[in-house]
Amino acid sequence: MSLPNYRHIAGYRHTASYRHDAGNHGEYSKGQHRPTKRAANLWIAASLGLVSFLGLVQPAVAAEYYNCSNPNGCQLVSSVTPQDDSTATQYPVVLAHGLGGFNTLFGILSYFNGIPQALMQGGTEVYVTKTSAIHDAEFRGEQLLQQVQTIAAVTGKQKVNLIGHSLGGIDIRYVAAVAPEHVASVTAVASPEQGSKMADWVLRFITESSARSGYPEGEYNLLGRALISYHKFFGKFMDVGSGISLKQLQQQDSLRAVTGLTSDYMAEYYNPKYPAAMPSEYCGQPPQDYVVNGIPYYSFSGVGTITNGLDPSDYILALTGLTFGKDDPNDGLVSACSSRLGYVIRDDYKMNHLDSVNQFLGLVGWGEVNPVSVYRSQVNRLKNEGL
């Protein structure tokens, strides 16, 4: 590549030029150009500018937040310049909602309230997924896998860091089991990994009340059918609220959803089939080695129901929490014992089930650890692990 002609740049004068050949070792010939000291300084400055321009001095890269679903693909929600790189993971972070969940409801209410935005400030690329609101973990896990594969194709990154709340924390175990090549890490948040006593109560109520009404096994009385139909409608409503068109609504199955969250189902079917990083018994501790197939597993959860008297959802969780025994601390829907998976960060944060996703509208416990900071801390851990 030829160098530019600096003949007309200030600081060059018509004196002599430098020749370097076999017959003239380092001599200037009369009438040629000799660079002055000022011109040399200009050349150095220009060279340094070129180095910076070529990328050796990198500017901050924007962090992005996407909403995803099977029918719609992934759509950009926002993009920001990070304040720092504290959560700038190698692989994207994928958030998976729980039972009855959504990504962003009617463009107003985010399931993971304020969490994607907080992670973006630290440099994270965040994808919030949408699976069937009302269905079991295997069905939803397959939907989630399809979205993970889409995200991998879009980003060019083979793997993602999966974080799932509630039933979403069971869905992500499915993805890690069937497609470990796409998973960098698994983090379950307030997830009923060994089932929920609330699900046990609901299924027992439906089946026993139907049996008392004279219905054979597998058939349900009017109340049971009404509950099943209501939850299927609720699931479709969450689809519509998440921006899915009426022609592409996801499948909902109330009975499979509640059955798939019972203690018996998890103990007898799901956990034996997908045992990675699970305790061997209820209320036991997970294996000390929390890395399985090269994938580290983590979990955190809380206990307590009424954590903020201004939050109306706390009183509902106080009622559902009555289905647990007094010696079984819980967050209203999931017990601390059932939430343990892999490396247990904590299972006793002062958070109820909705607090653990910074809901309702951020009305969480006063004077307690902010849920958003727990997510940032965990993603910082993933970043430091090279994930």
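Chemist: I keep staring at the overall build of the chain and nothing clicks. Help me out?
Modeler: From N to C terminus, the chain includes 10 helices and 15 strands. Residue pairs in contact within the chain that sit at least 24 positions apart in sequence constitute 70% of those at least 6 positions apart. On the chain, roughly 18900 Å² of surface is accessible, and the fraction owed to carbon and sulfur atoms is 57%.

Chemist: What am I meant to see in the environment of Val334 here?
Modeler: Tracing the sequence through the fold places Val334 in the loop between α9 (312-320) and β15 (343-350). According to the relative accessible area criterion, Val334 is buried, its value standing at 3%. Separated by 144 residues in sequence, Val334 and Ala190 have C-alpha atoms that sit 6.5 Å apart. Apart from residues lying up to four places away in sequence, Val334 is in contact with Ala190, Ser191, Pro192, Phe324, Ser339 and His353.

Chemist: Which parts of the structure should I look at to understand the packing of helix α3 (residues 137-155) against helix α4 (residues 168-178)?
Modeler: Axes are the key here: two packed helices are described by the angle between their axes and the distance separating the axes. For the pair α3 and α4, interaxial distance at closest approach is 8 Å and the crossing angle is 65°. Regarding α3 and α4, the two cross each other, and that crossing is right-handed. Here Ala137, Glu138, Arg140, Gly141, Glu142, Leu144 and Leu145 of α3 lie close against α4, whose contacting residues are Gly168, Ile170, Asp171, Ile172, Tyr174, Val175 and Val178.

Chemist: Would you mind showing me how to read the pairing of strand β6 (residues 73-80) here?
Modeler: Side chains on a regular strand alternate between the two faces of the sheet. Here 7 bridges tie strand β5 (residues 63-69) to β6, and the two strands are oriented antiparallel to one another. Its bridge partner being in β6, Ser69 is matched across the sheet by Gly73. Linking β5 to β6, which pair antiparallel, is a turn of 3 residues.

Chemist: Where do I start with helix α8 (residues 263-273) in this structure?
Modeler: Because each turn of an α-helix spans 3.6 residues, side chains separated by three or four positions end up pointing in the same direction. Where α8 is concerned, the buried positions are Ser263, Tyr265, Met266, Tyr270 and Asn271. Projected down its long axis, α8 shows its buried positions confined to an angular sector of 125°, all on one face. Turned more than 90 degrees away from the buried face of α8, the exposed residues are Asp264, Ala267 and Glu268. Tucked inside the fold, the buried residues of α8 contact α3, α4, α5 (197-212) and α7 (254-259).

Chemist: What should I look at first to understand the packing of aromatic side chains in this one?
Modeler: Each aromatic ring pair is summarised here by two numbers: the centre-to-centre distance and the angle between the ring planes. Inspection of every chain in the model, using the stated rule, returns 14 aromatic pairs. Between Tyr270 and Tyr274, the aromatic rings sit 4.7 Å apart at their centres with planes inclined by 50°, giving tilted as the arrangement. For the pair Tyr270 and Tyr274, a shared accessibility class is recorded, and that class is buried. Note on Phe300 and Tyr349: the rings are 6.2 Å apart at their centroids and 85° apart in plane angle, and the pair reads as edge-to-face. One end of the pair, Phe300, is in strand β14 (residues 295-303); the other, Tyr349, is in strand β15, with 49 residues separating them in the sequence.

Chemist: Before we go on, may I ask you to explain the side chain of Ser242 in this structure?
Modeler: Checked against the element boundaries, Ser242 lands in the loop between α6 (222-241) and α7. When neighbours within four sequence positions are excluded, Ser242 is seen to be in contact with Phe102, Asn103, Thr104, Leu105 and Lys130.

Chemist: What's the story with the state of the cysteines in this structure? I'm lost.
Modeler: For the coordinates displayed, the defined rule picks out 2 disulfides. Here Cys68 pairs with Cys74 through a disulfide, and the sulfurs are 2.2 Å apart. One disulfide, between Cys68 and Cys74, carries an S-S torsion of 110° and so falls in the right-handed class. By relative accessible area, which is 1% here, Cys68 ends up buried. In this model, Cys283 is linked to Cys337 through a disulfide, with the two sulfur atoms separated by 1.8 Å. With Cys283 in the loop between α8 and β13 (291-292) and Cys337 in the loop between α9 and β15, this residue pair connects regions lying 54 residues apart in the sequence. Using a relative accessible area of 7% as the deciding quantity, one classes Cys337 as buried.

Chemist: I would appreciate a short explanation of the nonpolar core in the present structure.
Modeler: Counting residues in each nonpolar core, the largest one holds 36 residues, and the members touching the most others are Leu162, Val186, Tyr270 and Tyr297. What Leu162 contacts, discounting residues up to four positions off in sequence, is Val94, Val148, Ile172, Val175, Val183, Ser185, Val186 and Thr187. Membership of the second largest hydrophobic core comes to 35 residues, among which are Ala63, Leu105, Ala257 and Val372.

Chemist: Could you clarify how one ought to interpret the confidence of the model for the chain in this entry?
Modeler: As a note on interpretation, predicted positions should not be read in detail where pLDDT is low. In the predicted model, the chain carries a mean pLDDT of 86, and the fraction of residues at 70 or more is 84%. Throughout residues 1-35 the model reports pLDDT below 50, and contacts reaching past four residues in sequence, or to other chains, amount to 48 contacts.

Chemist: Would you mind showing me how to read α6 here?
Modeler: A rise of 1.5 Å per residue sets the reference length of α6, with its 20 residues, at 28 Å; its end C-alpha atoms lie 28 Å apart and thus fit the reference within 8%. Residues of α6 that are buried: Gly224, Ile228, Gly235, Met238, Asp239 and Gly241. Packing partners of the buried residues in α6 comprise β8 (104-105), α5 and α7. Positive phi appears at Gly243, one or two residues downstream of α6, with a value of about 90°.

Chemist: What am I meant to see in the packing of α4 against α8 here?
Modeler: Taken N-terminus to C-terminus, the directions of α4 and α8 make an angle of 35°; their axes are 11 Å apart at the nearest point. Here Ile170, Arg173 and Tyr174 of α4 come into contact with α8, specifically with Met266, Tyr270 and Asn271. The residue makeup of the contact of α4 with α8, split by class, is 4 nonpolar, 1 polar and 1 charged.

Chemist: I'm lost on a nonpolar patch on the surface in this one. Help?
Modeler: A surface patch of nonpolar side chains, amounting to about 790 Å² of accessible area, comprises Phe106, Ile108, Tyr230, Phe233, Phe237, Val240 and Leu246. Here Phe237 shows up in helix α6.

Chemist: I keep staring at the pairing of strand β12 (residues 183-189) and nothing clicks. Help me out?
Modeler: Burial within β12 is extensive, with 7 of its 7 residues counted as buried. Here 6 bridges tie strand β11 (residues 160-165) to β12, and the two strands are oriented parallel to one another. Across the sheet, residue Gly164 finds its bridge partner in β12, namely Ala188. The parallel pair β11 and β12, bridged by α4, forms a crossover whose chirality is right-handed.

Basis of the calculations
Residues numbered from 1 in each chain as written. Predicted model: local features only at pLDDT ≥ 70, side-chain atom pairs only at ≥ 80, totals over all residues. Heavy atoms only, no water. Helix = DSSP H or I, 4+ residues; strand = E, 2+ residues; numbered from the N terminus. Contact = heavy atoms within 4.5 Å. Areas by Shrake-Rupley, 256 points an atom, 1.4 Å probe, with all protein chains shown as cover. Buried < 20%, exposed > 50% of the residue type's maximum accessible area, 1.4 Å probe, protein only. Axes fitted to C-alpha atoms, helices over the stretch in contact; angles between N-to-C directions. Left-handed = near helix turned anticlockwise from the far one by under 90°. Pairing = 2+ DSSP bridges. Arc of directions from axis to C-beta. Phe/Tyr/Trp six-rings, centres within 6.5 Å; stacked < 30°, edge-to-face > 60°. Disulfide = S-S within 2.5 Å. Core = buried A, V, L, I, M, F, W, Y, C linked by side-chain atoms within 4.5 Å. pLDDT = per-residue confidence, 0-100. Expected span 1.5 Å × (residues − 1). Nonpolar A, V, L, I, M, F, W, Y, C, P; charged D, E, K, R; others polar. Patch = residues over 30% accessible without salt bridge, like charges linked within 9 Å, V, L, I, M, F, W, Y side chains within 5 Å. Salt bridge = Lys/Arg side-chain N within 4 Å of Asp/Glu carboxyl O. Right-handed = clockwise from strand over helix to strand, strands pointing away.

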